[in-house]
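Reading the structure
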Amino acid sequence: MGSQEVLGQAARLASSGLLMQVLFRLITFVLNAFILRFLSKEIVGVVNVRLTLLYSTTIFLAREAFRRACLSGGTQRDWSQTLNLVWLTVPLGVFWTLFLGWVWLQLLEVPDPDVIPHYRTGVVLFGLSAVVELLGEPFWVLAQAHMFIKLKVITESLSVILKSVLTAFLVLWVPHWGLYIFSLAQLFYTTVLVLCYVIYFTKLLGSPESAKQQTLPVSRITDLLPSITRSGAFVNWKEAKLTWSFFKQSFLKQILTEGERYVMTFLNILNFGDQGVYDIVNNLGSLVARLIFQPIEESFYIFFAKVLEREKDATLQKQEDVAVAASVLESLLKLALLAGLTITVFGFAYSQLALDIYGGAMLSSGSGPVLLRSYCLYVLLLAINGVTECFTFAAMSKEEVDRYNFTMLALSSSFLVLSCILTRWCGSVGFILANCFNMGIRITQSLFFIHRYYRESPYRPLAGLHLSPVLLGVFALSGGITGVSEVLLCCEQGWPARLAHVAVGAFCLGMTLGTACLTETKLVHFLSTQLGMSRLTDKMT
């Protein structure tokens with residue numbers, strides 16, 4: 001498969017993921033806003049921080065390294081060995097569930113049962129839901145490696161929506177169930193997720209005439225189960241060694257990703273109520289990152305991993321592939337920078353209004369607006385880091401991945417220390433500031449790698465981080481106008497003033513996007529070309 005064809009598939013995967021996730025996330029957003037009005041800050045803190053951290057840590061440690069290793073390289077491989085390797089996530093998940101469940105029950109502070117009942121049951125069910133989700137991992141890896149465009153998005157979005165509907169129903173009808181509600185909803189979510197994958201592949205493999213079925217390395221659903229391969233080796237040891245390298249890295253990356261939750265959970269810096277407010281703001285602030293940046297990062301990581309060869313310098317690879325990868329990376333960096341700047345500039349003036357609409361006075365008063373404004377700056381760094389790391393991890397050799405692990409270890413340690421210091425100095429905003437610092441270091445590391453990778457070639461993808469001075473001036477002007485508008489019109493003067501504030505923002509946003517289209521013509525051409533390829537591929541399939 002040529003690099004242009006792989007690029008077309010990656011673009012199609014990203015664009016389809018974006019559109020469908022926006023639709024499904026909007027539905028979930030409305031449901032969650034409704035649910036939030038019936039909950040206390042304390043129960044939100046326990047569910048969204050304490051229990052969700054147990055689930056996410058188990059899932060991340062059990063599967064992240066396997067995903068990255070098994071998606072590296074092309075689809076031409078001994079898939080029996082790859083699937084055998086992926087199935088190891090299940091026993092690994094059981095181990096982490098038992099160990100972390102013991103920590104959560106025996107070593108951490110247990111919430112007051114009069115305020116938050118059924119905590120122990122919640123720990124058990126959240127841990128069980130992680131193991132259930134890992135049962136679907138072989139299906140996920142096979143789908144991602146063969147770029148099944150809509151399966152992942154529909155499956156995950158449908159599961160989230162059904163979970164939110166069930167939660168809303170239980171909150172309204174049996175609010176005294178407490179943590180039972182969220183624990184059952186979480187287990188329901190992972191069960192639906194796995195069943196969707198199983199049902200899809202069962203039907204697909206039962207249709208031999210299907211074009212998609214003919215591209216798969218398996219012909220029966222039982223082929224996805226663990227088996228002894230013809231070569232006698234249970235797993236591909238090269239993939240297994242790469243998995244171990246990624247596992248060490250993923251352990252450190254998890255600390256960086258969820259570091260503030262670990263600090264809140266293990267050091268008790270904030271009470272459960274403050275943890276709840278912080279987590280709501282954090283989820284709201286990261287919504288755009290999950291909607292836009294995550295699909296792009298996941299899709300183009302696959303593109304870079306397939307087009308570029310590990311262990312080889314850029315000058316020793318097929319130059320057509322290297323040129324395409326450089327062009328794509330430059331455009332993605334430009335796109336990430338523009339999207340991040342837009343969120344940062346307009347987020348400052350509309351944070352309080354967004355929180356007031358989403359959660360009422362519980363969020364829009366107190367530290368909520370300051371938290372969300374700080375998070376808008378963090379989103380800019382998240383956008384750039386997502387693109388730079390998806391290229392870096394796809395192009396690094398095993399030895400470079402191992403060396404990068406030492407940097408991640410230093411970052412993890414510094415983050416924990418910095419979080420404690422900044423949180424005691426400026427409250428929960430300190431977590432975001434510590435995240436910004438560490439994200440800046442990670443971006444710097446990736447930029448150095450990209451610079452070295454293309455140093456001997458004529459390509460300069462880092463030019464994507466340069467913006468037109470005219471566009472920067474428009475961003476500054478828009479920030480000033482919307483800032484004045486917030487002072488004059490928001491948020492205590494009623495809905496007419498709020499709507500006027502929104503209208504000012506819409507005008508400034510239109511002016512900014514129009515300027516971007518006129519000044520960043522190369523990016524516009526890239527987006528129109530890839531979207532055109534995506535539509536053409538959709539019609540052909």
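This text gives an overview of the structure that appears in the document. (Residues numbered from 1 in each chain as written. Predicted model: local features only at pLDDT ≥ 70, side-chain atom pairs only at ≥ 80, totals over all residues. Heavy atoms only, no water.)

Some details on the overall build of the protein
Quick note on the threshold: Put simply, DSSP H or I for four residues or longer makes a helix, DSSP E for two residues or longer makes a strand, and each gets a number counted from the N terminus. To sort residues, take the accessible area from a 1.4 Å probe on protein chains only and compare it with the maximum for the residue type: under 20% means buried, over 50% means exposed, and anything in between is partly exposed. Contacts are assigned to residue pairs with any non-hydrogen atoms lying within 4.5 Å of each other. Residue exposure ignores everything except the shown protein chains as possible cover, and the areas themselves are Shrake-Rupley values with a 1.4 Å probe.
Scanning the protein for helices and strands turns up 21 helices and 0 strands. Residues classed as buried in the protein amount to 56% of the 541 residues present. In the protein, once contacts between residues fewer than 6 apart in sequence are set aside, the share between residues at least 24 apart is 82%. On the protein, roughly 23200 Å² of surface is accessible, and the fraction owed to carbon and sulfur atoms is 68%.

Quick word on the packing of aromatic side chains
The test is simple: The aromatic pairing rule takes the rings of Phe, Tyr and Trp, using the six-membered ring of Trp, and pairs them if the centres are within 6.5 Å, calling planes under 30 degrees apart stacked, those over 60 edge-to-face and the rest tilted.
Inspection of every chain in the model, using the stated rule, returns 20 aromatic pairs. An angle of 55° between the planes, with centres 5.1 Å apart, marks the rings of F303 and F304 as tilted. A residue is classified by how much of its surface remains accessible, and F304, at 0% relative accessible area, is buried. Both rings, one in Y375 and one in Y378, keep their centres 5.2 Å apart while their planes meet at 85°; by these two values the pair is edge-to-face.

Describing the environment of A143
Tracing the chain through its elements places A143 in helix α6 (residues 137–145). Spatially, the C-alpha atoms of A143 and L216 are 9.3 Å apart, while their sequence positions differ by 73 residues. Not counting the four nearest positions on each side in its chain, A143 is found in contact with F148, L151, Y197 and F201.

Observations concerning unusual backbone geometry
The phi angle at H118 is positive, at roughly 70°, despite the residue not being glycine. Along the chain, H118 falls in the loop between α4 (89–106) and α5 (119–134).

Structural notes on helix α19 (residues 469–489)
Quick reminder of the rule: To estimate how far a helix should reach, multiply one less than its number of residues by 1.5 Å. Taking the helix axis as origin, the arc is that swept by the directions to the C-beta atoms. Polar contacts, as counted here, are pairs of nitrogen or oxygen atoms within 3.5 Å of one another; within protein the pair requires one atom able to donate a hydrogen and one able to accept it, and residues that are adjacent in sequence qualify only if both atoms are side-chain atoms.
Compared with an ideal rise of 1.5 Å per residue, which puts 21 residues at 30 Å, α19 spans 30 Å between its outermost C-alpha atoms and is within 8% of the ideal. Residues of α19 that are buried: L471, V474, F475, S478, T482, S485 and E486. Looking down the long axis of α19, one finds its buried residues gathered within 105° of arc, a one-sided arrangement. Projecting away from the buried face of α19 at angles above 90 degrees are the exposed residues P469, A476, V487 and L488. Contacts made by the buried residues of α19 are with α14 (319–359), α16 (368–395) and α20 (495–519). Its side-chain oxygen 3.2 Å from the backbone nitrogen of V470, S468 forms the N-cap of α19.

Some points on α20
Along its 25 residues, α20 runs 36 Å from first to last C-alpha, staying within 8% of the 36 Å computed at 1.5 Å per residue. When we look at burial in α20, the residues that qualify are A497, R498, H501, G505, C508, T512, T515 and A516. Here the buried face of α20 lies against α14 and α19.

Remarks on the nonpolar core
What counts is decided by this rule: What we call a nonpolar core is a set of buried Ala, Val, Leu, Ile, Met, Phe, Trp, Tyr and Cys residues that are connected through their side-chain atoms within 4.5 Å.
With 147 residues, the main nonpolar core has W104, F201, F304 and F391 as its most contacted residues. A per-element tally of this core places α14 first, with 18 residues. Setting aside residues up to four positions removed in sequence, F304 forms contacts with A325, V328, L329, L332, C390, F391 and A394. Membership of the second largest hydrophobic core comes to 5 residues, among which are A349, Y350, L353 and C490.

Examining the packing of helix α2 (residues 41–70) against helix α12 (residues 272–285)
Our working definition: Note on geometry: axes are C-alpha line fits, over the in-contact stretch for helices, and angles between N-to-C directions span 0 to 180 degrees. For a crossing to be left-handed, the near helix must be turned anticlockwise from the far one by less than a right angle; the clockwise case is right-handed. Any residue that is not Ala, Val, Leu, Ile, Met, Phe, Trp, Tyr, Cys, Pro, Asp, Glu, Lys or Arg is counted as polar, Gly included; the first ten are nonpolar and the last four charged.
Between α2 and α12, the shortest axis-to-axis distance is 7 Å and the interhelical angle comes to 60°. Note that α2 runs across α12; the crossing there is left-handed. Here α2 contributes K41, E42, V44, G45, V46, N48, V49 and R50 to the contact with α12, which in turn contributes F272, G273, Q275, G276, V277, D279, I280 and N283. Of the residues assigned to the contact of α2 with α12, the class counts are 6 nonpolar, 6 polar and 4 charged.

Some points on the environment of L170
By the secondary structure assignment, L170 is in helix α7 (residues 151–173). Its relative accessible area of 9% is what places L170 among the buried residues. Each C-alpha atom of the pair L170 and L184 lies 9.8 Å from the other, and the pair is 14 residues apart in sequence. Residues in contact with L170, not counting those within four places in the same chain, are P175, W177 and I181.

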